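# Inside the fold
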Amino acid sequence: MAVMKIDVDHVARIEGHGDIHLTVEDGVVTGCQMEVVESARLFEAMVVGRPFDEVPYIASRICGICSASHAVTDTLAIERIFGVEVSDRTNALRELLLYGSFLQNHATHLFVFATPDFLGHKSVFPLASENRALYDGALALKALGNELCTKVGGRSIHPICAVVGGFTHEVGAEEYLKLADKMEAAMDFAEEAVDLIASFEVMDLRTEGDFLAMVAPEGYPVCGSDTARFVRAGYDFSAQDAEKEIEEYAIGHSAAFLARAARTGKPYMTSALSRINASWGQLGRRARYASARAGLRPPNFNPFMNNVAQAVELLDALDRCAAICRRLAADEYEGGSAPVSFEVREGSGVGFTEAPRGALFHRITLDGKGRVRSANILTPTAQNIANMESDMAEVAQAFADAGRSPAAIKLEVEKLVRAYDPCLSCSVH
């Protein structure tokens, strides 16, 4: 029996630490593991007993890229418990803050992590000398995301202004107009980036899993909706039922729990590609045209196309954020952004947002004094690992069938993992 073992210790150009182990026996893939080697993070344990107003600040420390998403998601869970209704202006600011993290994440992932795979580099650094304009444009997009999060949230990471009921601080109209100008100026580069990422040759892969994303009647939702959709299975569910609809389970080779849809038993992907599949028709016109030109129209079930989906979201985010900033400057949203009054009460609630990497759920239970009794956090990467492993096996089998070398199999599987844009640090409880 011919046995081929392919091991990748510490997959490069992803967030967090993980190893890949593949076994091919007589041309058949018999073993495929994405081993998450991160230790327990304990964020859910450390918030127990804490007052509610500390929890979003603590949760934001889970991730340096998705910190705004964690803070807002916790805040939404607490507001559901207290029955808080916020103003349209506050909702617009939250959307702006979350899109700031999209700019931060997607620019980093696409140009620092993913693009070197397709340009024949082992890191981003050769890109600086080979294509300085692309390198500078990518860094400028990341910097713009940092600036947006700073102006709205008070910091580029771990926001301090977004609190239960509203915002503690807001910049003036002139600052919003400057941000709008910068975002509109960046759109040409973002559109070129869609074309560039779409030009990269990728394997024709059709995942067997499902796709999960937030849906809403209007807009391209990243917050403000309580409805999630399994796209291929064709059903919606309330985020309040996430722990019933999504089954987490342990597996011996990973420190992270894996996830599957409880009704179907299937793994799934939550991601930019999932959002495109669920809400493509609600993209802005320019992003929709760029997406169609790039060959990305639903249904598209190739996880490698998540790179293109993120590029389309960069363009769409710039367009949306510029419009939101101009409306904020013109005072077109109802109500102010100062925190509204509320009464503390016991209960349990789930916050739901679209983080850059996909659907994010926080369940919080509070006592009558507003202190945390329990918490549960379900991150996008934790939801993706099972489907990622399945797709890794498919890629390895296809390359083995074609007689490709172990080095070629290794590279293609790594490219797939990076296309998922995992944050393995965030995947463990």
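Scroll up a little and you will see the structure.
To start, this report covers the structure provided alongside it. (Residues numbered from 1 in each chain as written. Predicted model: local features only at pLDDT ≥ 70, side-chain atom pairs only at ≥ 80, totals over all residues. Heavy atoms only, no water.)

Now for the side chain of Q104. Mapped onto the secondary structure, Q104 falls in helix 4 (residues 88-119). Overall, Q104 belongs to the buried group, its relative accessible area being 2%. There is a polar contact of 3.0 Å between the side chain of Q104 and the backbone oxygen of S156. If we skip the residues at most four places from it in the chain, Q104 touches I65, K142, G145, N146, C149 and S156. (Helix = DSSP H or I, 4+ residues; strand = E, 2+ residues; numbered from the N terminus. Buried < 20%, exposed > 50% of the residue type's maximum accessible area, 1.4 Å probe, protein only. Polar contact = N/O pair within 3.5 Å; in protein donor to acceptor, adjacent residues only side chain to side chain. Contact = heavy atoms within 4.5 Å.)

This part is about the pairing of strand 13 (residues 358-366). Summarising burial for strand 13: 9 of the 9 residues are buried, a large majority. Both strand 12 (residues 347-355) and strand 13 contribute to a ladder of 9 bridges, which runs antiparallel. In the strand pairing of strand 13, S348 is matched with T365. The turn linking strand 12 back onto strand 13 is made up of 2 residues. Sheet topology places strand 13 next to strand 14 (residues 372-378); 6 bridges connect them, and they run antiparallel. Looking at strand 14, one finds that F361 is bridged to L378. Between strand 13 and strand 14, which pair antiparallel one after the other, the connecting turn spans 5 residues, and G370 there sits at a positive phi close to 80°. (Pairing = 2+ DSSP bridges.)

It is worth spelling out the sheet that holds strand 1 (residues 3-8) at this point. The strand order 1-2-3 describes an open sheet built from 3 strands, whose pairing is antiparallel. Two strands lie at the open edges of the sheet, namely strand 1 and strand 3 (28-36), each paired on one side alone. Averaged over neighbouring strand pairs, the angle between their axes works out to 10° when direction is ignored. When strand 2 (residues 18-25) meets strand 3, the two strands line up antiparallel, connected through 8 bridges. Across the sheet, the residue bridging to T23 is G31, located in strand 3. Running over the sheet, helix 12 (residues 380-401) touches strand 2 and strand 3 and is turned about 145° from strand 3. Its contacts with the sheet place helix 13 (residues 406-419) against strand 1, strand 2 and strand 3, and it is angled at close to 40° to strand 1. (Axes fitted to C-alpha atoms, helices over the stretch in contact; angles between N-to-C directions.)

Before going further, it helps to spend a moment on the side chain of E245. Among the secondary structure elements, E245 is positioned in helix 8 (residues 242-245). Residue class for E245 comes out buried when judged on its relative accessible area of 11%. Of the polar contacts made by the side chain of E245, one reaches the side chain of R263; its length is 2.8 Å. Those residues within four positions of E245 in sequence are excluded, and the remaining contacts are F230, Y235, F237, R260, A261, A262 and R263.

Mapped onto the elements of the fold, S427 is located in helix 14 (residues 424-427). For S427, a relative accessible area of 1% corresponds to the buried category. Sequence-wise, S427 and F304 are 123 residues apart; in three dimensions their C-alpha atoms are separated by 20 Å. Not counting residues within four places of it along the chain, the set of residues in contact with S427 comprises V36, A256, F257, T379, T381, A382 and I385. Engagement of the side chain of S427 in a polar contact is seen with the backbone oxygen of L424, the distance being 2.7 Å.

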